[in-house]
Amino acid sequence: DMVREPDQRVVIRDVDYAFYERLVDSIPEDVHIDVDYDGKDLEIMGHGRRHEQINELLGYLVMVMTEELRLPYESLAKTTWKRPDLARGLEADQCYYFRLEKLAADAAARARGSDDIADYPNPDLAIEVDVSRSKIDRPAIYAALGVAEIWRFEADRERIVVERLDDDGQYRRIEESQFLSIQPDEIRRWVVDEDSASRWAWARRLRAWVRAEIAPRREVQPEETP
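Notes on the structure in this doc start here. (Residues numbered from 1 in each chain as written. Predicted model: local features only at pLDDT ≥ 70, side-chain atom pairs only at ≥ 80, totals over all residues. Heavy atoms only, no water.)

### Digging into the environment of Ser 114
Then comes step 1: By the secondary structure assignment, Ser 114 is in the loop between helix 3 (100-111) and strand 8 (125-130).
Then comes step 2: On the basis of relative accessible area, Ser 114 is assigned to the buried category, the value being 14%.
Then comes step 3: With 26 residues separating them in the primary sequence, Ser 114 and Arg 88 have C-alpha atoms 21 Å apart.
Then comes step 4: Engagement of the side chain of Ser 114 in a polar contact is seen with the side chain of Asp 119, the distance being 2.5 Å. (Helix = DSSP H or I, 4+ residues; strand = E, 2+ residues; numbered from the N terminus. Buried < 20%, exposed > 50% of the residue type's maximum accessible area, 1.4 Å probe, protein only. Polar contact = N/O pair within 3.5 Å; in protein donor to acceptor, adjacent residues only side chain to side chain.)

In structure tokens form, the structure reads like this:
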């Protein structure tokens, strides 16, 4: 019972990477507990129903959008990113590859049957569902991993924030996803405001909206603009 209540965060301060790695490796795969390490402090958290509902909808949204836009991508789901060279590690709620070189590296590692996380590049996009606020420096972990973009659902404000990693290693809010051309308020609409009780009906409306609203935005890419 490391975490007794859903979305409660337990922090262990001033531990080393070896402690983090031993703890992560001791947790069975079917136990839904995240363990994240920012180079100094370690955070443990379980998930409640609200967290999983929003997380599931965000995952569906990315899947539907990539299908409708015919974008190559790979879902990494809740892969645990243990990086001893960085003395950091975490598990995102959802994460993805979009860049072609990372998709190629991922395909090559999978073709070899590798289950060694060292053979896989860090993700391009990560999704965070914050029903409670983190007590460690999670952005610094993502920055160390070089994750280009983060979507965060902030439950206390009922909003989505989209952030991009800048050259100075800091995340800053942006008005539109660089990978999927969708805006934060639009993401929020589909995971909070739209009726998702019937998932197939929700997905059908989303597909029609992507074709009508998002696809035209991508017809002319920035590099193609005169």
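More follows now that the structure is in view.
### Considering the side chain of Glu 128
Then comes step 1: Tracing the sequence through the fold places Glu 128 in strand 8.
Then comes step 2: Residue contacts for Glu 128: discarding those within four places in its chain leaves Ala 92, Asp 93, Arg 138, Tyr 142, Ile 150, Trp 151, Arg 152 and Phe 153. (Contact = heavy atoms within 4.5 Å.)

### Structural notes on the packing of aromatic side chains
Each pair of aromatic rings is reported with the distance of its centres and the angle of its planes.
Then comes step 1: One pass over the structure, following the stated rule, counts 9 aromatic pairs.
Then comes step 2: Each ring, one from Tyr 20 and one from Tyr 37, has its centre 5.6 Å from the other, and the planes form 15°; the classification is stacked. Here the residue Tyr 20 occupies a position in helix 1 (residues 17-26), and Tyr 37 occupies one in strand 2 (residues 33-37), the gap between them amounting to 17 residues.
Then comes step 3: For Tyr 37, a relative accessible area of 2% puts it in the buried group. (Phe/Tyr/Trp six-rings, centres within 6.5 Å; stacked < 30°, edge-to-face > 60°.)

### Regarding empty space enclosed by the protein
Then comes step 1: Tallying each qualifying case throughout the model produces 1 cavity of 30 Å³ or more.
Then comes step 2: What lines the largest cavity is Arg 9, Asp 34, Asp 36, Glu 43, Met 45, Glu 91, Asp 93, Glu 128, Val 129, Asp 130 and Arg 138.
Then comes step 3: Breaking the lining of the largest cavity down by element, the ones donating at least two residues are strand 2, strand 3 (42-46) and strand 8.
Then comes step 4: In terms of residues, the lining of the largest cavity owes the most to one element, strand 8, which gives 3 residues.
Then comes step 5: Of the residues contributing to the lining of the largest cavity, the split by class is 2 nonpolar, no polar and 9 charged. (1 Å grid on protein atoms, 1.4 Å probe; cavity = no way out; pocket = protein on both sides within 12 Å on 5 of 7 lines; lining within 4 Å. Points joined across faces, edges and corners; volume = space filled by probe spheres on them. Nonpolar A, V, L, I, M, F, W, Y, C, P; charged D, E, K, R; others polar.)

### Notes on the packing of helix 2 (residues 49-69) against helix 6 (residues 199-214)
Then comes step 1: Between helix 2 and helix 6, the least distance of the axes is 10 Å, while the angle of their chain directions is 45°. Put simply, helix 2 runs oblique to helix 6. For helix 2 against helix 6, the interelement crossing comes out right-handed. For the pair helix 2 and helix 6, the contacting residues are Glu 56, Leu 57, Tyr 60, Leu 61, Val 64, Met 65, Glu 67, Glu 68 and Leu 69 in the first and Arg 199, Trp 202, Leu 206, Arg 207, Val 210, Arg 211 and Ile 214 in the second.
Then comes step 2: Tallied by class, the residues present in the contact of helix 2 with helix 6 amount to 10 nonpolar, no polar and 6 charged. (Axes fitted to C-alpha atoms, helices over the stretch in contact; angles between N-to-C directions. Parallel < 35°, antiparallel > 145°, perpendicular 65-115°, else oblique. Left-handed = near helix turned anticlockwise from the far one by under 90°.)

### Quick word on helix 4 (residues 138-145)
Then comes step 1: Considered for burial, the residues of helix 4 that qualify are Arg 138, Ile 141, Tyr 142 and Leu 145. Seen end-on, helix 4 carries its buried residues on one side only, within an arc spanning 95°.
Then comes step 2: One side-chain oxygen at the N-terminal end of helix 4 lies 3.2 Å from the backbone nitrogen of Ala 140; it belongs to Asp 137.
Then comes step 3: Positive backbone phi, approximately 75°, marks Gly 146, located one or two places after helix 4. (Arc of directions from axis to C-beta.)

### Points about the pattern of salt bridges
Then comes step 1: One pass over the structure, following the stated rule, counts 33 salt bridges.
Then comes step 2: As a salt-bridge pair, Arg 50 and Glu 158 come within 2.5 Å of each other at their nearest N and O atoms. Here Arg 50 is found in helix 2, whereas its partner Glu 158 is found in the loop between strand 9 (149-154) and strand 10 (159-165), with 108 residues between them in sequence.
Then comes step 3: According to the relative accessible area criterion, Arg 50 is partly exposed, its value standing at 32%.
Then comes step 4: The partner of Arg 217 in a salt bridge is Glu 186, with the nearest N and O atoms 2.5 Å apart. Residue Arg 217 is found in the segment after helix 6, and its partner Glu 186 is found in helix 5 (residues 184-193); the two are separated by 31 residues along the sequence.
Then comes step 5: The partly exposed category is assigned to Arg 217, whose relative accessible area is 29%.
Then comes step 6: Here Glu 186 falls in the buried class, since its relative accessible area comes to 14%. (Salt bridge = Lys/Arg side-chain N within 4 Å of Asp/Glu carboxyl O.)

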